[in-house]
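Architecture and fold: a report
Chain residues, written in single-letter form:
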Amino acid sequence: MELKASPAALDPARLPGPVWVVAPHPDDEALGCGALLAALSNLGTEVWALLLTDGGFSHPDSREYPRERLAATRLDEWRTGLATLGVPPERTRALGFPDGALAGVPAPAVTQAVQRAFTASPPALVLLPWRRDPHPAHRAAWAPVCAATDAAVLGYSVWLTERGAEPDWPAAAEATALTFATGPYAACKAAAIAAHATQLGAITDDPGGFTLAPEMVARAVAGPELYFRPADPRPA
């Protein structure tokens, strides 16, 4: 699906900080908003990152990378990629909810954990995957994260362009679409994505495991990044 109207350009200089980017999995933030994070860091905006799951379910049949090792490796990859975008390890928090099962975690437990993380530097703006981004964990993240803060919210797209059906996209009255050109930050974004080697073919003993398609990576780097400013991020 294509947007029915041309979206406005997002100006990072006008975004309030601190900014927290919430990623259900390691690599979501690099794919969805890596260029914007690099631009915000370049402007001197305080950027933090919050990881919801342990990321350990991408290769369930790998003997070389059993779940504990995979989760630890993916956490390192996440922090390495974020550092490339200007977010240092000390401004990261990881909650460790089980990858593949976030939708089954009671929403109040997620909200409380997110609230505790946000006390490190209460956000003025939260970036998280759009409420109907077509992945179960992305959809499960929206409501409990929004419930954890009164900050402004921007939804970012990870899989919407590749996999989204028409009902997944926001209606005109539901959200305002915005784009951010990767431009001078494309190389930083590409480096951040490249940090996630486990998702790019480095694990070879689980042919059924997840691997990012080169076409998807190329599209993410080329941009533009797509964001949605919801009319009401916390509907009753």
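Everything here concerns the structure above.
Now for a look at the structure at hand. (Residues numbered from 1 in each chain as written. Predicted model: local features only at pLDDT ≥ 70, side-chain atom pairs only at ≥ 80, totals over all residues. Heavy atoms only, no water.)

1. With respect to the side chain of Glu 225
Note the following rule: Under the scheme used here, helices are H or I runs from DSSP no shorter than 4 residues and strands are E runs no shorter than 2 residues, and both carry numbers assigned from the N terminus. Only protein chains enter the area calculation, which uses a 1.4 Å probe; residues under 20% of their type maximum are buried, those over 50% are exposed, and those in between are partly exposed. Whenever a nitrogen or oxygen atom comes within 3.5 Å of another N or O atom, the pair is scored as a polar contact, on the condition that within protein one atom can donate a hydrogen and the other can accept it, and that pairs from neighbouring residues in sequence are kept only if both atoms are in side chains. Contacts are assigned to residue pairs that have any heavy atoms within 4.5 Å of one another.
With respect to the element layout, Glu 225 can be found in strand S8 (residues 225-230). The exposure class assigned to Glu 225 is buried, which follows from its relative accessible area of 3%. Polar contacts involving the side chain of Glu 225 include one to the main-chain amide nitrogen of Gly 34, which spans 3.1 Å. Side-chain polar atoms of Glu 225 contact the side chain of Lys 189, separated by 2.8 Å. Ignoring sequence-local partners within four residues, the contact set of Glu 225 consists of Gly 32, Cys 33, Gly 34, Ala 35, Leu 36, Leu 178, Thr 179, Phe 180, Thr 182 and Lys 189.

2. Some words on the sheet that holds strand S6 (residues 152-156)
Stated formally: One bridge is not enough; two strands pair if DSSP finds at least two bridges between them. In this analysis, axes come from line fits to C-alpha atoms, helices being fitted only over the stretch in contact, and the angle between any two N-to-C directions falls in the range 0 to 180 degrees.
Judged by pairing direction, the sheet is mixed, and its eight strands sit side by side in the order S1-S7-S8-S6-S5-S2-S3-S4 without closing on themselves. Each having just a single partner strand, strand S1 (8-9) and strand S4 (92-97) make up the two edges of the open sheet. With four bridges connecting them, strand S3 (residues 47-53) and S4 associate as parallel partners. The residue of S4 that forms the bridge with Thr 53 is Phe 97. Together, strand S2 (19-23), S3, strand S5 (125-129), S6, strand S7 (175-180) and S8 form the strand contacts of helix H1 (residues 28-43), whose direction differs from that of S8 by roughly 85°. Packed on one face of the sheet, helix H2 (residues 67-84) meets S2, S3 and S4 and runs near 155° to S4.

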